[in-house]
Protein chains: 2
Amino acid sequence: MKKILILGATGSIGRQTLEIIDANPLDFKLIGVSGFNNTSLLIEIIQKYELSIASVKDSIQAEKIKKINPNIKILIGEQGLIDFAGFNPEEDITLINALVGMVGLKPTLRAIGINRNVLLANKETLVVGGHLIKEALKKSSSNLYPIDSEHSAIWQLLNGENKSSVKRLIITASGGSFRDKARTELEDVSLESALNHPNWSMGSKITIDSATMINKGFEIIEAVYLFDLGIDKVEAILHQESLIHSFVEFEDGSITAQIAEHDMRLPIHYAMYYPERKESIAYKLDFMKLNNLHFKKIDFNRYPCLSYAIEAYKIGGSMRTVLNAANEIAVRLFIEKKIKFLDIERIIKEEMEHHQVITFPSLEEIYTIDSEIKTRIYNQY
Amino acid sequence: MKKILILGATGSIGRQTLEIIDANPLDFKLIGVSGFNNTSLLIEIIQKYELSIASVKDSIQAEKIKKINPNIKILIGEQGLIDFAGFNPEEDITLINALVGMVGLKPTLRAIGINRNVLLANKETLVVGGHLIKEALKKSSSNLYPIDSEHSAIWQLLNGENKSSVKRLIITASGGSFRDKARTELEDVSLESALNHPNWSMGSKITIDSATMINKGFEIIEAVYLFDLGIDKVEAILHQESLIHSFVEFEDGSITAQIAEHDMRLPIHYAMYYPERKESIAYKLDFMKLNNLHFKKIDFNRYPCLSYAIEAYKIGGSMRTVLNAANEIAVRLFIEKKIKFLDIERIIKEEMEHHQVITFPSLEEIYTIDSEIKTRIYNQY
């Protein structure tokens with residue numbers, strides 16, 4: 001019986017994690033959740049699982065919950081999320097970090113600091129704080145496992161293999177909502193069309209990140225940290241059906257691939273059960289779907305955000321914070337209909353061009369830069 | 001530096017093994033070879049590699065070689081192949097068994113008897129003698145490694161995985177020379193068209209076995225022994241491009257696949273270097289070839305030999321010898337243009353119907369049945 005804490009339980013990954021817990025009540029026990037934006041679902045979860053701890057956005061939410069369940073421990077705000085990740089440090093609990101954005105970095109570090117295993121769906125943890133996570137893991141007995149189709153695929157394919165025999169990792173990309181549009185057609189695309197992902201339903205932020213392809217850049221950076229390989233060994237390829245989730249090419253020329261229906265419950269399940277494999281509730285693939293798959297090289301001119309991500313990784317240090325902060329706030333402005341779609345990439349580019357890099361930024365420097373950029377850009381629109 | 005003995009050095013697998021040895025002279029040293037049908041190539045090999053031992057068909061060949069190289073040890077005939085496999089039993093030598101037919105079984109057993117690793121391309125070893133090999137391996141420190149695209153694929157995909165989490169192995173089948181013909185069109189197909197495999201050039205026997213699909217039945221039986229799984233967990237699927245060499249489906253619904261150009265030098269190389277992966281001389285895959293792959297369920301009525309193979313495995317014991325002996329002699333008769341293509345499956349079916357099964361046949365019983373069937377059928381035509 002694994003004890004579980006979920007950061008971001010009311011989001012897409014969080015809810016799917018709950019489905020897995022529901023399907024396997026003898027294997028997992030949910031101890032606590034965090035949730036910021038969906039109070040009614042949060043209360044429902046707290047009651048259903050009789051939780052010991054919850055982390056919420058503000059005292060209004062906290063009061064509501066306290067009224068219904070006076071015995072539960074409630075944490076509040078961003079500091080609450082960090083304390084949540086460190087709840088009962090002596091206990092053997094697995095933390096699932098399904099937060100979206102920079103807010104996910106400190107809780108991951110806290111969990112690693114107390115030797116707690118982390119199943120990571122939060123991309124910013126590694127994109128922005130990869131260097132800090134790497135240092136923290138060296139001093140910890142924690143394992144950091146990815147929750148993500150692409151990294152789960154690579155993780156599975158590297159089982160029993162020697163990293164030194166890996167020639168390339170090839171991450172597949174669906175191409176996002178606008179994959180059938182030329183760059184010239186992107187000028188006036190609407191928020192609604194951007195949110196209409198051809199292959200699956202996810203949160204708004206990641207759906208927009210998928211349309212700009214910065215998401216694939218984030219995944220390349222994550223892969224570099226997760227599998228400890230140089231960025232020149234990690235590539236992306238367009239694969240519109242999203243059935244092959246990644247490839248590994250070995251030195252001898254052999255290529256392996258992981259294939260499954262696009263159902264996030266499989267990578268979540270895999271990470272939760274690792275190193276065991278057990279029957280899952282994820283949809284099973286019909287082999288006949290493998291007829292007529294498509295693969296295409298990615299045109300970096302069509303998707304400049306992908307180049308920016310790779311460039312930010314290579315420049316390193318605080319440039320990754322800039323990449324992420326500019327993107328995070330630009331996506332927010334786009335969702336609030338204050339800017340156009342192509343303004344996202346323009347804002348990222350401009351921020352990166354004007355940044356003075358700090359080579360090995362501390363956690364506090366990262367948060368200062370992040371907050372400065374977000375506030376400044378947000379106030380411009 | 002691994003010392004190598006090759007059984008069947010002048011055949012397709014043998015020659016490709018020599019290419020790998022040539023490309024990696026610091027890693028492999030060829031000690032000896034066997035060859036029955038191509039004396040000039042055999043002599044060329046013996047001189048080029050300055051071999052200590054050779055195994056040949058008859059004394060005429062032996063004399064020819066002795067004239068050129070008086071110091072070499074020469075073995076003769078079927079007994080020669082067995083003694084060859086056991087050459088210098090105290091020495092750490094790897095045996096590559098690339099023989100075609102029943103003649104390969106006893107040499108494999110001899111090598112296992114002296115704890116020698118065997119890289120196995122000879123299908124009959126496991127199809128006919130699987131139960132004996134399994135017993136022999138229990139008492140030996142030998143490893144038995146497959147040389148075959150499909151089994152190499154599965155072997156690679158099972159690296160680091162727990163066998164108990166495997167739901168199915170799915171072996172791909174090109175469909176052979178007549179894959180585009182309906183059964184009604186097979187009545188009068190010529191030997192020449194049967195030998196014209198759409199995807200690659202192999203020996204005649206295996207090309208015909210591929211056209212009847214009995215080859216895929218053999219591979220299913222081999223997989224059962226190699227990976228120690230029930231036959232109900234091993235399936236075949238039509239995949240005409242032969243780029244995905246096999247799939248593994250796990251209990252959680254995750255599927256992995258191994259992909260490469262169809263170049264036998266990769267599985268040979270993999271087995272020779274295992275557990276290391278090193279740059280190989282095999283052709284590298286162009287990823288764009290993955291566009292437009294095809295997969296189709298196999299129609300057992302279209303390929304009855306596949307059913308016979310599975311049935312023979314399930315009945316077990318000496319029935320597998322009957323399956324193989326009837327097929328081996330029928331293919332020979334077809335190659336000698338004494339019977340028609342569809343007579344192959346008819347002969348196998350008739351032999352299986354009339355056989356009294358011995359549940360756990362000894363090696364001698366296997367050879368007696370094999371020889372009785374082959375002689376009797378051959379004399380009928």
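Every value quoted in this text rests on a predicted model; they were computed, and no experiment measured them.

How each quantity is defined
- Residues numbered from 1 in each chain as written.
- Chains lettered and ligands numbered in written order.
- Predicted model: local features only at pLDDT ≥ 70, side-chain atom pairs only at ≥ 80, totals over all residues.
- Heavy atoms only, no water.
- Salt bridge = Lys/Arg side-chain N within 4 Å of Asp/Glu carboxyl O.
- Helix = DSSP H or I, 4+ residues; strand = E, 2+ residues; numbered from the N terminus.
- Buried < 20%, exposed > 50% of the residue type's maximum accessible area, 1.4 Å probe, protein only.
- Least-squares fit on C-alpha atoms with pLDDT ≥ 70 in both.
- Contact = heavy atoms within 4.5 Å.
- Pairing = 2+ DSSP bridges.
- Axes fitted to C-alpha atoms, helices over the stretch in contact; angles between N-to-C directions.
- Domains from an automatic or database assignment.
- Buried area = accessible area lost by both parts, 1.4 Å probe.
- Right-handed = clockwise from strand over helix to strand, strands pointing away.
- Parallel < 35°, antiparallel > 145°, perpendicular 65-115°, else oblique.
- Left-handed = near helix turned anticlockwise from the far one by under 90°.
- Nonpolar A, V, L, I, M, F, W, Y, C, P; charged D, E, K, R; others polar.
- Lys, Arg positive; Asp, Glu negative; His and termini not counted.
- Expected span 1.5 Å × (residues − 1).

Two side chains of opposite charge can pair, provided their charged atoms sit close to one another. Residue and element names in this part refer to chain A. Applying the stated rule across the entire model yields 71 salt bridges over all chains. Linking Glu219 and Lys123 is a salt bridge whose minimum nitrogen-to-oxygen distance equals 3.2 Å. With Glu219 in helix α10 (residues 214-227) and Lys123 in the loop between β6 (118-120) and α6 (124-138), this residue pair connects regions lying 96 residues apart in the sequence. The class for Glu219 is buried, based on a relative accessible area of 2%. The closest approach of N and O atoms between Lys289 and Glu261, which form a salt bridge, is 2.5 Å. Separated by 28 residues along the polypeptide, Lys289 in the loop between α11 (265-273) and α12 (304-315) and Glu261 in the loop between β11 (255-259) and α11 bring together distant segments of the chain. Classification of Glu261 as buried rests on a relative accessible area of 12%. Ionic contacts of the salt-bridge type, sharing partners, join the residues Lys123, Asp148, Glu150, Lys216, Glu219 and Glu222 into one network.

The next subject is the relation of the copies chain A and chain B. With an RMSD of 0.0 Å, the operation that places chain A on chain B is a rotation of 180° combined with a shift of 0.0 Å along the axis. Both chain copies can therefore be described as sitting about a two-fold axis. Taking C-alpha positions as reference, the residue of chain A nearest the rotation axis is A:Gly160, located at 1.8 Å. Most of the interface of chain A is mirrored in chain B, where 100% of its interface residues are also at the interface.

Okay, the sheet that holds strand β2 (residues 28-34) of chain B next. Two orientations exist for strands paired in a sheet by backbone hydrogen bonds: parallel and antiparallel. Residue and element names in this part refer to chain B. Reading across the sheet, the seven strands line up as β4-β3-β2-β1-β5-β6-β7 and stay open at both edges, with parallel pairing between neighbours. On the outer flanks of this sheet lie β4 (73-76) and β7 (144-146), each paired with one strand and no other. Within the sheet, the average angular offset between the axes of one strand and its neighbour, ignoring direction, is 25°. As paired strands, strand β5 (residues 93-97) and strand β6 (residues 118-120) are joined by three bridges and run parallel to one another. The partner of Ile96 across the bridge, within β6, is Leu119. Strand contacts of helix α1 (residues 12-23): β1 (2-7), β2 and β5, with the helix running at about 160° to β1, the strand carrying the most contacts.

All names here are of chain A. By domain assignment, chain A separates into domain 1 (2-146) and domain 2 (150-180 + 217-306). For domain 1 versus domain 2, the separation of C-alpha centres amounts to 26 Å. On the domain 2 side, the residues contacting the 24 residues of domain 1 number 21 residues. Interface area, domain 1 with domain 2, both sides summed: about 2200 Å², of which 70% is carbon and sulfur. Where domain 1 touches domain 2, the interface holds five salt bridges. Here Glu222 ties to Lys123 by a salt bridge, and the two come within 3.4 Å at their closest N and O atoms.

One full turn of an α-helix is made of 3.6 residues, so residues set three or four places apart face in the same direction. Residues and elements named next belong to chain B. Taken as a whole, helix α2 (residues 39-49) has its buried residues at Leu41, Leu42, Ile43, Ile45, Ile46 and Tyr49. Contacts from the buried residues of α2 go to α1, β2, β3 (53-56) and α3 (59-68). Glu50 occupies a position one or two residues after α2 and carries a positive phi of about 45°.

Residues and elements named next belong to chain B. Counting buried residues in β2 gives six out of seven residues, a clear majority hidden from the surface. By the bridge criterion, five bridges tie β1 to β2 in an arrangement that is parallel. Directly across from Ile4, in β2, lies its bridge partner Leu30. Handedness of the crossover is the feature at issue here: the chain leaves β1, passes through α1, returns alongside β2, and the resulting connection is right-handed. Relative to β3, β2 runs parallel, the two being bridged by three bridges. Bridged to Ser34 within β3 is Ser55.

In this section: the packing of helix α6 (residues 124-138) of chain B against helix α13 (residues 319-335) of chain B. Residues and elements named next belong to chain B. Two numbers describe how α6 lies on α13: the axes approach to 8 Å, and their chain directions differ by 150°. Relative to α13, α6 is oriented roughly antiparallel. Here α6 runs over α13; the crossing is left-handed. Where α6 abuts α13, its residues Glu124, Val127 and Val128 lie against Arg320, Thr321, Leu323, Asn324 and Glu328. Split into classes, the residues belonging to the contact of α6 with α13 amount to three nonpolar, two polar and three charged.

Residue and element names in this part refer to chain A. Relative to the assigned elements, Arg302 resides in the loop between α11 and α12. Buried and unpaired, Arg302 has Glu345 as its nearest opposite-charge partner, separated by 6.7 Å. The residues touching Arg302, leaving out its near neighbours within four places in the chain, are Phe178, Arg179, Lys181, Ala182, Arg183 and Leu186.

For the rest of this paragraph, the subject is α1(B). Compared with an ideal rise of 1.5 Å per residue, which puts 12 residues at 16 Å, α1(B) spans 17 Å between its outermost C-alpha atoms and is within 8% of the ideal. Summarising the contacts, the buried residues of α1(B) are in contact with β1, β2, α2, β5 and α11 (265-273) of chain B.

Residues and elements named next belong to chain A. Strand order in the open sheet made by the seven strands is β4-β3-β2-β1-β5-β6-β7, with parallel pairing throughout. The sheet is open, and its two edges are formed by β4 (73-76) and β7 (144-146), each paired on a single side. Adjacent strand axes in the sheet meet at a mean angle of 25°, parallel and antiparallel pairs treated alike. Examined bridge by bridge, strand β1 (residues 2-7) and strand β5 (residues 93-97) share five bridges and lie parallel to one another. Pairing of Ile6 across the sheet is with Ile96, part of β5. Helix-sheet contacts for helix α3 (residues 59-68) involve β3 (53-56) and β4, and the interaxial angle to β4 is about 170°. Sheet strands touched by α11: β1, β2 (28-34), β5, β6 and β7. Its angle to β1, the strand with the most contacts, is close to 135°.

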